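Here's the letter readout for the chains.
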Amino acid sequence: MDIAHHYLEGNADAVEFCPYNSYHNVFAASTYTLQEGGQPSRHGSISLFHIDVEDTGRLDMVYNVETSGIFDIKWSPPGGLVSPCLAQADADGYLTIQMLENEGAEGGTYLKQMTSEKISDSMCLYLDWNPSATSITVGLSDGSVSIVSLLESKLKIQEEWKAHDFELWTTSFDIHQPNLVYTGSDDCKFSCWDVRDSPSNLVFQSSKVHKMGVCCIEKSPHDPNSLLTGSYDEFLRVWDLRSISKPVNETSISLGGGVWRVKHHPFIPGLVLAACMHNGFAIVGIKGDKAEVLETYKKHDSLAYGADWQKGEANQGGGGTIKPVVATCSFYDKLVRVWRPGNDISLA
């Protein structure tokens, strides 16, 4: 069920709903546009949107700023910082933190830069906050991972190491054990590192399961033993992490397109949103060792890259069925869409 859509100026590659209580109707979208030629340049932007889902269905862009080409954006986790902060990883090797400001009804909502640091001469491809919003892990195009601290509005590289042979497309903290960091790369390897050691200790590495590059890694907020990976090989994999030295087993489902992003629903265990590149978006239900596609969404005409669930009580349910709100974006058609699943999703 379509609610609203908006065309951006650049190629849309990420969309993230704000998880803070007062801002559940706000989401950010980022762009990355490569200008080819003798001296290629990478431009981007961040846009803030306000969506009124229940009353008017109106989608308003309330703020826009031009940036370097952006590969990834993430809001800080609630509870870690007083105000929402949006981190961005860009093609010039910078990690930038912007704070969400609100000047009331007339002034509107906007982003104010808090800090920005050049992390690497390589491109910053992906980022993830730790649960307390004191550190950010950044994946780099040379295969390195960088752990960056945020203290008193300043960014500082704590550690950086060569984790993979090719582009490091994804890296994330284990939200239940934040001393563990996961990485995935174009070298088809999925790795886990313990950052209490210096240099970081390799806890495990899976090199034979993914047939192509690993694009995304997401720990389940509902189950400390469950983790998802997505790959260019079109498979979404559900890993059982009960043994810290290596995953016990994995369940897989083919989604018919490279699995670029996966997002767990914030309240409904086993409900997953996936951006499937050449095959639109999919909502997947996971129960035990079984995974099934509950719904697909194919209203985008180009690479399906960005996807997120709206947070907040409206999506919490509490029994029966629920139609969560989803924002998605696609690359070459520069399109952001807000929609609800056409099917009722059972919470039973």
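In this report, we go over the structure that sits alongside the text. Each chain has its residues counted from 1, running along the sequence as written. Reporting in this predicted model follows two pLDDT cut-offs: at least 70 for local features of residues, and 80 or more for side-chain atom pairs to be given and counted; totals over whole chains, interfaces and linings ignore these cut-offs and use all residues. Only hydrogens and water are set aside when side-chain values are computed; all heavy atoms of the structure are taken into account.

1. Topic: the layout of surface pockets
Piece 1. Residues are said to line a cavity or pocket when one of their atoms sits within 4 Å of a point; the points come from a 1 Å grid over protein atoms alone, cavities being sets where a 1.4 Å probe fits but cannot get out and pockets being open sets with protein on both sides within 12 Å along at least five of seven lines. Grid points are joined across faces, edges and corners, and a volume is the space filled by probe spheres set on the points. Of the voids in this model, the largest pocket is the one considered here, and its volume is about 850 Å³.
Piece 2. Lining the largest pocket we find 30 residues, and of these Pro19, Pro77, Pro78, Pro221 and Lys311 sit closest to its centre.
Piece 3. Of all the elements in the fold, those that place two or more residues in the lining of the largest pocket are strand S2 (12-17), strand S6 (70-75), strand S10 (124-129), strand S14 (170-173), strand S18 (214-219), strand S22 (261-264) and strand S26 (304-309).
Piece 4. Starting at the N terminus, helices and strands are each numbered in turn, a helix being any DSSP run of H or I of at least four residues and a strand any DSSP run of E of at least two. The element best represented in the lining of the largest pocket is S18, accounting for 3 residues.
Piece 5. The class makeup of the residues in the lining of the largest pocket is 14 nonpolar, 7 polar and 9 charged. Residue classes follow a fixed rule: Ala, Val, Leu, Ile, Met, Phe, Trp, Tyr, Cys and Pro count as nonpolar, while Asp, Glu, Lys and Arg count as charged, and any other residue, Gly among them, counts as polar.

2. A closer look at the packing of aromatic side chains
Piece 1. Each Phe, Tyr or Trp ring, with Trp reduced to its six-membered ring, pairs with another whose centre is within 6.5 Å; inter-plane angles below 30 degrees give stacked pairs, above 60 give edge-to-face pairs, and intermediate values give tilted ones. Considering all chains together, one arrives at 14 aromatic pairs under this definition.
Piece 2. On the numbers, 5.1 Å between centres and 20 degrees between planes, the contact of phenylalanine 27 with phenylalanine 49 is stacked. Highlighted residues: phenylalanine 27 in strand S3 (residues 26-35) and phenylalanine 49 in strand S4 (residues 41-51), separated in sequence by 22 residues.
Piece 3. Note on phenylalanine 27: relative accessible area 0%, which makes it buried.
Piece 4. Considering the side-chain rings of tryptophan 169 and tryptophan 260, the 5.5 Å spacing of their centres and the 65 degrees angle between planes classify their relative orientation as edge-to-face. You can see tryptophan 169 sitting in the loop between strand S13 (154-162) and S14 and its partner tryptophan 260 sitting in the loop between strand S21 (249-254) and S22, a full 91 residues away along the chain.
Piece 5. By relative accessible area, which is 9% here, tryptophan 260 ends up buried.
Piece 6. One aromatic cluster is present, formed by Trp169, Tyr232, Trp260, Tyr305, Phe331 and Tyr332 through successive ring pairs.
Piece 7. The side chain of lysine 74 reaches across the aromatic face of tyrosine 126, ending 3.9 Å from its centre. The cut-offs for exposure are 20% and 50% of the maximum accessible area for each residue type, with area from a 1.4 Å probe on protein chains only; residues under the lower value are buried, those over the upper are exposed, and the others partly exposed. Each ring is checked for a lysine NZ or an arginine CZ that lies within 6 Å of its centre and within 35 degrees of its normal; such an atom marks a charge sitting over the ring.

3. As for empty space enclosed by the protein
Piece 1. For the coordinates displayed, the defined rule picks out 1 cavity of 30 Å³ or more.
Piece 2. By volume, the largest cavity is sized at about 40 Å³.
Piece 3. Elements supplying a minimum of two residues to the lining of the largest cavity: S2, S22 and S26.

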